[in-house]
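# A look at the structure
Okay, here's what each chain looks like letter by letter:
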Amino acid sequence: MQEEIFPLVDEQGNVIGQATRSECHSGSMLLHPVIHIHVFNEEGKLYMQKRSSTKDIQPDKWDSSVGGHIDLNETATEAALREAREEIGLNDLTLHYLDKYIIKTDRERELTYCFYTITNQIPKIDMKEVSDGRFWEISEIKNQLGKDIFTPNFELDFGHFLSKGLDHLLKENMNSI
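Residues numbered from 1 in each chain as written. Predicted model: local features only at pLDDT ≥ 70, side-chain atom pairs only at ≥ 80, totals over all residues. Heavy atoms only, no water.

### A closer look at the overall build of the chain
Scanning the chain from N- to C-terminus turns up five helices and nine strands. Along its sequence from the N terminus, the chain presents helices and strands in the succession β-β-α-β-β-β-β-α-β-β-β-α-α-α. Computed over its C-alpha atoms, the radius of gyration of the chain comes to 15 Å, within 12% of the 16 Å expected for a compact globule of 177 residues. In terms of its C-alpha atoms, the chain occupies a principal-axis envelope of roughly 40 × 40 × 30 Å. For the chain, the residues scored as buried account for 44% of the 177 residues in total. Taking all contacts inside the chain whose residues are at least 6 apart in sequence as the whole, residues at least 24 apart take part in 62%. Carbon together with sulfur atoms contributes 47% to the accessible area of the chain, which is approximately 9100 Å² in total. (Helix = DSSP H or I, 4+ residues; strand = E, 2+ residues; numbered from the N terminus. Rg over C-alpha atoms; globule rule 2.2 N^0.38 Å. Buried < 20%, exposed > 50% of the residue type's maximum accessible area, 1.4 Å probe, protein only. Contact = heavy atoms within 4.5 Å. Areas by Shrake-Rupley, 256 points an atom, 1.4 Å probe, with all protein chains shown as cover.)

### Considerations on the confidence of the model for the chain
Of all residues in the chain, 97% attain a pLDDT of 70 or more, and the chain-wide mean is 93. Predicted confidence in the chain is weakest over helix α5 (residues 165-175), with a mean pLDDT of 80, and strongest over strand β3 (residues 31-40), with 98. (pLDDT = per-residue confidence, 0-100.)

### Comments concerning the pattern of salt bridges
Within this structure, the stated rule accounts for 12 salt bridges. Its salt-bridge partner being D71, residue R82 comes within 3.5 Å of it at the nearest N-O pair. One end of the pair, R82, is in helix α2 (residues 76-88); the other, D71, is in the loop between β6 (66-69) and α2, with 11 residues separating them in the sequence. Residue D71 is classed as partly exposed on the basis of its relative accessible area, which comes to 28%. Between E140 and R134 there is a salt bridge; the shortest N-O distance is 2.8 Å. The exposure class assigned to R134 is partly exposed, which follows from its relative accessible area of 31%. (Salt bridge = Lys/Arg side-chain N within 4 Å of Asp/Glu carboxyl O.)

### A look at helix α4 (residues 152-162)
Among the residues of α4, N153, F154, D157, F158, F161 and L162 are the ones counted as buried. When α4 is viewed along its axis, its buried side chains cluster within an angular range of 140° and face the same direction. (Arc of directions from axis to C-beta.)

### Description of α2
The first and last C-alpha atoms of α2 sit 17 Å apart over 13 residues, in line with the 18 Å expected at 1.5 Å per residue. Buried-residue contacts for α2 involve β3, β4 (46-51), β6, β8 (109-118) and β9 (130-136). (Expected span 1.5 Å × (residues − 1).)

### Some details on the environment of R51
Assignment of secondary structure puts R51 in strand β4. Take R51: its relative accessible area is 13%, and that puts it in the buried class. Note: C-alpha distance between R51 and Y97 (46 residues apart in sequence) is 23 Å. Those residues in contact with R51 that lie beyond four places of it in its chain are I57, Q58, P59, D60, K61, D63, E129, S131 and T151.

### So, the layout of surface pockets
What the largest pocket holds in volume is close to 540 Å³. Lining the largest pocket are 30 residues, with R21, K55, G67, G68 and H69 positioned closest to its centre. Every element with two or more residues in the lining of the largest pocket is listed here: β3, β4, β6 and α2. Its residues assigned to classes, the lining of the largest pocket comprises six nonpolar, 10 polar and 14 charged. (1 Å grid on protein atoms, 1.4 Å probe; cavity = no way out; pocket = protein on both sides within 12 Å on 5 of 7 lines; lining within 4 Å. Points joined across faces, edges and corners; volume = space filled by probe spheres on them. Nonpolar A, V, L, I, M, F, W, Y, C, P; charged D, E, K, R; others polar.)

### Digging into unusual backbone geometry
Positive phi, normally seen in glycine, also occurs at M29, with a value near 65°. Turning to its location among the elements, M29 is positioned in the loop between α1 (21-24) and β3. Positive phi outside glycine occurs at D60, with the angle close to 65°. Positionally, D60 belongs in the loop between β4 and β5 (62-63).

Encoded structure:
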């Protein structure tokens, strides 16, 4: 199987080149774009996936509802909708853009486009990508922060956007209209 090719971007998200998955995840710090979707149900609970043990980055950790790389010639929104279908079987989502920011770890640097959505659809996980998934109360997540069960990337998103819950996101979204 041929290795995935990722776009390389500048800090504004303009494509400036390309590199393989292994090059991007090798500690090279090549900036490549990814998406995170945070899926809420109407009760305000946040769906999280547990990463498969076969993942090359952060295996067996709880993570954003959906996360994935943006392919060459694909927009962040297109990637988000594709990844939602592939990872947790959700279709026809209305995505709300939150922000983009750079996440840097010891192995990589990602320009992360963050979205949220609200749905009553029941996620159906792809067991090759994800080993478990469930809805969490925001208070339950807060009680588990810093205990090495979540990915560092999720904890950053949580601190930036999610810690005040869905009601706060809805109010912020209304204020930006």
